[in-house]
Amino acid sequence: MHNFKENAIKYFFMANGMLSIIILLGIFYLLLSRSLPALQNVGLTNFFAPGYWNPTAYTTPQYSILNLIKGTFMVGAGSLIFAVPLGVACATYLAEVAGAREREVLKPIIEILAGIPSVVLGFFGLVVVAPVIAELFGLNSGINALNGSILVGIMALPTIVSLAEDAISAVPQSYRHASLALGATKWQTILRITLPAALSGIIAASMLGMGRAVGETMTVLMATGNALAKPSSFFDSVRTLSANIAIEMGEVPVGSVHYHSLFFVGFVLFMITFIINLLADVIFQRYREEI
Amino acid sequence: MYSGRGNTGRGKFFLPFLFVVVALLLAVSVPVGCGQGTGTSADAAKQGKSTAAATIQIRGSDSEVNLVQRLAELFMEDHPGVQIAVTGGGSGTGIAALIDGTIDIANSSRPMKEEEINQARRNGIEPVPVRFAVDGVAVIVNESNPVETLSVAEIGAIFRGDITNWREVGGEDSPIGIYGRQSNSGTYVFFMETVLQGDYTPQMRNMGGNADIVEAVTTDKTGIGYVAIGYVTDGGSVRPGIKPVKVSRNPGETSYTPIELENITSGKYPITRPLYQFLNGRPEGAVKDFIMFELSDRGQKIVLEQGFYPITDEDRKFNENSLK
């Protein structure tokens, strides 16, 4: 009886584990099968042809997603420029400098940051951050890629901080002792020994943060202006893949070419985040072996 | 709580835990399993028409959402049994929901397209249009912008991207910051078809709603945008920070402001449009009462109070025709 119960519980949890894999495959299949009609009607090359996304055009519809991909990467990379230095510095402080009590207070507060609804952050970006950006850089409008990058950076921060902190804490204590014994200061130890030793973990944390940033929708939708033109700098308005789906999915007639094209956009977005997360995982595994 | 620490105790702890996990899984899978779940509330509303209690689901146009919400509030005061839920999302979103049968009334600031009507009919839904207010789509610029008047052709050229500097239309030497709506907006479609008669420039920022455009033009000194007239004024006067330009039908002709009733009813202001609601079949019960309330003198007075304009005789004839 007891064994039976143990086994039942074991298989139940195994089934739960399998479920997430089945869901992942299911989403992959759904996106691919729903985007096939678009590939037949529009053609793969037209999705990557020069031009811009405009399926509801007055004259001829266009389906180029190049500008959307560029916008997505700009916001994703831009957010890392903010979030990585800030996040790693914060993680280093938590892992190496802060006392136990400080850590107990700071960690939950940083995790609360992850709980801010993205629509609230987007509104904050639209009415608070955008005017500040416009003022600082002498622009007419601060509704641009930079605004989106800052806000998404804030969203990616908790992911980066907690994973980077884990990586730094996992560096064996003997490394630090050896360094200190050789006469290095605490600062030198952190900068030359601990951080380099945790580097692959920090990179993995950053990439997972980027995966989060690339898929973020609502904040970007509200803060970046969603213009369809090719962005040439961070001061230009951009539209990301995820924002594009959110904007158009609600109104599109089910079964139309436009509808299936949005599934293709979703498929591309899925592949991008999948590859980023996979790379992060590979780096993370390697880092585990190193330690 | 910690009385049983042995194996049997743990077993007792695990069983309730399993129930919680199973319950959570079910809670997640059920809404996913039946995406049409929302349809039932609209169906229930239809069946509930014989009784006093009824729920009316309204979705769509961002331009109309505040107005319809106000109308619904006042209607519910007089009809305590009726619940009306009004949400925005854009005309296209409302029409899509009507086609899917998940709502009772779709707010739309544009007529339904032929293919949308056909699609609704294939789903067994017969869209019936009602015009309940008139809108003068205002072209707004920043308060500090010296440009006072524009012709329809100039506005079209700006939004198509053919004119990119304020100097070309009598303003200062500075680039034009263009703010428009997203493709799910009825105003976006209406403006594209009647004013641009071409494609929007890809440089245009696509904002989520009328309020976002007002906000953006308030902060951008070089900005231009288009919004429903109800978003230009607040309690009878123009909102601070923005300025609706006077619009002439052709270059050189007299231009008119959209904030005067006379300019709209006489048709002198060139960019006016009726605001629609689409019903599923001829209205009955609570939906009919609500529509009649909107079209009544009291309803039309509220329309005016909310910054929009009352329907014309032509619109009344249109309504009689479609409700008959």
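Model, not experiment: these values are computed from the prediction. Sequence order sets the numbering: in each chain, residues are counted from 1 along the sequence as written. Chains carry letters from A onward and ligands carry numbers from 1 onward, assigned in written order. For this predicted model, a pLDDT threshold of at least 70 governs which residues receive local features, and a threshold of 80 or more governs which side-chain atom pairs are given and counted, while totals over whole chains, interfaces and linings are taken from all residues. Values shown for side chains rest on all heavy atoms present in the structure; no hydrogens or waters enter the calculation.

**Considerations on the overall build of chain B**
To keep things clear, this is the line we draw: We count a stretch as a helix when DSSP gives it H or I for four or more residues in a row; a strand needs E for two or more, and each element gets its number in order from the N terminus. Using a 1.4 Å probe on the protein chains alone, a residue whose accessible area is under 20% of its type maximum counts as buried, one over 50% counts as exposed, and one in between counts as partly exposed. For this analysis, residues touch if any pair of their heavy atoms sits within 4.5 Å. Exposure was quantified through the Shrake-Rupley algorithm and a 1.4 Å probe, taking into account, for residues, occlusion by the shown protein chains and nothing else.
Across its full length, chain B carries 12 helices and 14 strands. Burial analysis of chain B (324 residues in total) assigns 53% to the buried set. Sequence separation of 24 or more characterises 73% of the internal contacts of chain B that already satisfy a separation of 6 or more. In the form shown here, chain B has an accessible surface area of approximately 14,800 Å², with 52% of it arising from carbon and sulfur atoms.

**Section: the pairing of strand S1 (residues 54-60) of chain B**
Residue and element names in this part refer to chain B. For the record, the criterion: For two strands to be treated as a pair, DSSP must find no fewer than two bridges joining them.
Residues Ala54, Ile56, Ile58 and Gly60 line the buried face of S1, whereas the alternating positions Thr55, Gln57 and Arg59 sit on a face that is not buried. Two elements, S1 and strand S2 (residues 82-89), share seven bridges in a ladder whose sense is parallel. Looking at S2, one finds that Thr55 is bridged to Gln83. The pairing of S1 with strand S3 (residues 105-108) spans three bridges and is parallel. By the bridge assignment for S3, Gly60 is matched with Asn107.

**Section: the sheet that holds S2 of chain B**
Residue and element names in this part refer to chain B. Test applied: Angles run from 0 to 180 degrees between N-to-C directions of axes, and those axes are lines fitted to C-alpha atoms, restricted for helices to the stretch in contact.
Strand order in the open sheet formed by five strands is S2-S1-S3-S14-S4, with mixed pairing between adjacent strands. If you trace the sheet from one side to the other, it starts and ends with S2 and strand S4 (127-136), each paired once. Pairwise comparison of adjacent strand axes, ignoring direction, gives a mean angle of 20° for this sheet. Pairing analysis gives four bridges linking S3 to strand S14 (residues 272-280), with the strands arranged antiparallel. Bridging from a neighbouring strand, Ala106 pairs with Phe278 of S14. Contacting S1, S2, S3, S4 and S14, helix H3 (residues 62-78) runs over the sheet at an angle of about 170° to S2.

**Observations concerning the interface of chain B and chain A**
Stated precisely, the cut-off is as follows: The term buried area refers to how much accessible surface (probe radius 1.4 Å) is lost by two components on association, counted for both of them together. Throughout this description, the term salt bridge denotes a Lys or Arg side-chain nitrogen within 4 Å of a carboxyl oxygen of Asp or Glu. As used in this structure description, the phrase polar contact means that two N or O atoms lie within 3.5 Å; if the pair is within protein, one of them must be able to donate a hydrogen and the other to accept it, and residues adjacent in sequence are counted only when both atoms belong to side chains. Ten residues, namely Ala, Val, Leu, Ile, Met, Phe, Trp, Tyr, Cys and Pro, are considered nonpolar, four, namely Asp, Glu, Lys and Arg, are considered charged, and the remaining ones, Gly among them, are considered polar.
The interface of chain B with chain A comprises 36 residues on the first partner and 34 residues on the second. Interface area for chain B against chain A, summed over the two sides, is near 2,800 Å², with a carbon-plus-sulfur share of 59%. Together, Asp199, Pro202 and Arg205 of chain B form the three largest contributors to the area buried by chain B at its contact with chain A, with a combined 20%. Applying the counting rule to chain B against chain A returns zero salt bridges. In this structure, the connection of chain B to chain A is made through nine residue pairs in polar contact (both at pLDDT 80 or more). Looking at which element gives the most residues to the side of chain B that touches chain A, the answer is helix H1 (residues 7-33) of chain B, with seven residues. Residues of the side of chain B that touches chain A, tallied by class, amount to 16 nonpolar, 13 polar and seven charged.

These values are about where atoms sit, not about what they do.
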